[in-house]
Amino acid sequence: MNIENIRKEFPILNKEINENKIIFFDNAATTQKPKCVVDKIVDFYSNYNSNIHRSVYTLGTEAEDLYYKSKETVRRFINAKYQEEIIYTSGTTESINNLARMLENNIASDDEIIISSIEHHANFIPWQELCNRTGAKLNILEVNENYEIEVEELEKLLTEKTKIVSITYASNVLGNISPVEKIGNLLEDKNIFYIIDAAQAVPHLSVDVQKIKCDFLVFSGHKMLAPTGIGVLYGKKKHLENLAPAKFGGGMISIVEDFSSTWADIPNKYEAGTPLLEQAVGLMAAIDYIEKIGIDNIEKYTKELTKYLYKNLSEIDGITIYGTKNINNRVSLISFNLDSIHPHDIASFLDTKGICVRAGHQCTQPLLNRLNTFSVVRASLYFYNTISEIDIFIQTLKEIKEFFNNELS
């Protein structure tokens, strides 16, 4: 990986804030877009723009070919067995909400659903609401002292009434990577729907849905170089053929009569309305770019960055770092707090130097309650970040600490 050449492919990295070149450490929220992705979207609108399905003219056929080429790219990227198992949504949040509706008819009032205490709100609230609607019981899997999910503890929660287990692949606050493959082995043949929120994992790790043995897996394009507005809901074909759709309208029907309707075959059955055309093209370009660099190369380099960042953060007096100390079991994000300094003040000070981080509850209030805090600062890295950027970040944190200490004294 030639990082200097890679950085040239991301125009926004040349942007300056207060005469400081931007340092983008908010990649867990969204990633920047390489020129090839931007160019692919422009090319679509310049040469292929038309609606698809039932278009009998050449332009529509060409656009439809691109759409399904994108689906095949995603299928290959996560090693799904069939292209029909790939459903496009607006993102991870919509994917999980759709799943909660799709699975509702399979949930009775005495059933149980398991999630963990480290889930993003998007993998927390939809299951709360499903339990509220059906009367099912929500069980929360607590993590160990390193805030890691333990398969043995999950096994203790399982009962004959467990119908859904929905777990994050990697925490958006802690960075911890969950033992998703071991969980898959545990749940295999138990008649339990196994769902994985892979929003923070897919950009950094090689993901193989067949190896994991999950029933469903969801992620967002914009966290892996693609445009906003597109996400993936992978589901095993056998489930998608039998479940009810969550959204209705054009494109997902077979026959509509006055008082009844029937649905199209999968995956169209789950994609009501105008398909996400330019977003699909952008996602395809992003995956092609990631595969060109190599996901294994990305994982190796970002782990080196994370180890360096963790080491240097750890040497700052008065800092609290959250999540596992095992950097090999962490994606490239670190959340922390500095004694007596509000996370928003830290983020605002960093912004004056052109450094972009996220501060707040990170959409994980149940987790932060367990961490005995209300807010954290999160620095999240990607493969276009550098050691020199981390050095500037660390130096600026030390300046912040000194500034506030002087103010308090």
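Here, every reference points to the structure presented above.
Residues numbered from 1 in each chain as written. Predicted model: local features only at pLDDT ≥ 70, side-chain atom pairs only at ≥ 80, totals over all residues. Heavy atoms only, no water.

A.B. asks: Provide a residue-level description of a nonpolar patch on the surface, including the pertinent values.
C.D. replies: A cluster of nonpolar side chains, namely F248, I253, V256 and W263, defines an oily patch on the protein surface of about 380 Å² accessible area. With respect to the helices and strands, the residue I253 is situated in strand β11 (residues 253–256). With relative accessibility at 33%, the residue I253 sits in the partly exposed group. (Patch = residues over 30% accessible without salt bridge, like charges linked within 9 Å, V, L, I, M, F, W, Y side chains within 5 Å. Areas by Shrake-Rupley, 256 points an atom, 1.4 Å probe, with all protein chains shown as cover. Salt bridge = Lys/Arg side-chain N within 4 Å of Asp/Glu carboxyl O. Helix = DSSP H or I, 4+ residues; strand = E, 2+ residues; numbered from the N terminus. Buried < 20%, exposed > 50% of the residue type's maximum accessible area, 1.4 Å probe, protein only.)

A.B. asks: Break down the packing of aromatic side chains for me, citing the residues and quoting the values.
C.D. replies: Across all of its chains, the model carries 16 aromatic pairs by this definition. Seen in terms of ring centroids, Y289 and F383 are 6.3 Å apart; in terms of plane orientation they differ by 35 degrees. Their pairing is tilted. With Y289 in helix α10 (residues 277–293) and F383 in the loop between β17 (376–380) and α14 (387–408), this residue pair connects regions lying 94 residues apart in the sequence. Residues Y289 and F383 agree in their burial class; the two are buried. Taking 5.8 Å as the distance between ring centres and 90 degrees as the angle between the ring planes, the aromatic pair formed by Y382 and Y384 counts as edge-to-face. Aromatic ring contacts, followed pair by pair, group F10, Y289, Y382, F383 and Y384 into a single cluster. Lying across the ring of Y88, K71 places its NZ or CZ 5.1 Å from the centre. A cation sits over an aromatic face here: K237 above Y82, 4.5 Å from the ring centre. (Phe/Tyr/Trp six-rings, centres within 6.5 Å; stacked < 30°, edge-to-face > 60°. Lys NZ or Arg CZ within 6 Å of the ring centre and 35° of its normal.)

A.B. asks: For the environment of L187, give the residues involved together with the corresponding values.
C.D. replies: Its place among the elements puts L187 in helix α7 (residues 180–187). Expressed as a C-alpha distance, the spacing of L187 and E304, which sit 117 residues apart in the sequence, is 33 Å. Not counting residues up to four positions away in its chain, the partners in contact with L187 are L158, V165, I192 and Y194. (Contact = heavy atoms within 4.5 Å.)

A.B. asks: Any details on the packing of helix α3 (residues 58–78) against α10? Residues and values, ideally.
C.D. replies: Where α3 contacts α10, the two axes come as close as 9 Å, and the packing angle between them is 40 degrees. Taken as axis vectors, α3 and α10 run oblique relative to one another. As for how α3 packs across α10, the hand of that crossing is left-handed. Counted together, L66, Y67, K69, S70, T73, V74, R76 and F77 of α3 and L277, A280, V281, L283, M284, I287, D288, I290 and E291 of α10 form the full contact between these two elements. In the contact of α3 with α10, the residues fall into 11 nonpolar, 2 polar and 4 charged. (Axes fitted to C-alpha atoms, helices over the stretch in contact; angles between N-to-C directions. Parallel < 35°, antiparallel > 145°, perpendicular 65-115°, else oblique. Left-handed = near helix turned anticlockwise from the far one by under 90°. Nonpolar A, V, L, I, M, F, W, Y, C, P; charged D, E, K, R; others polar.)

A.B. asks: Which residues make up the sheet that holds strand β14 (residues 333–338), and what values go with them?
C.D. replies: Taken in spatial order, the 4 strands line up as β13-β14-β17-β16 in an open sheet, and their pairing is antiparallel. With partners counted over all chains shown, the strands left at the sheet margins are β13 (319–322) and β16 (358–360), one partner each. The sheet shows a mean angle of 30 degrees between the axes of neighbouring strands, direction not considered. As paired elements, β14 and β17 share 4 bridges and run antiparallel to each other. In the sheet register, I334 faces β17, and the bridge partner there is A379. The strands touched by helix α11 (residues 295–314) are β13, β14 and β17; relative to β14, the strand with the most contacts, the crossing angle is about 10 degrees. The sheet strands contacting helix α12 (residues 343–352) are β14, β16 and β17, and the helix crosses β16 at an angle near 160 degrees. (Pairing = 2+ DSSP bridges.)

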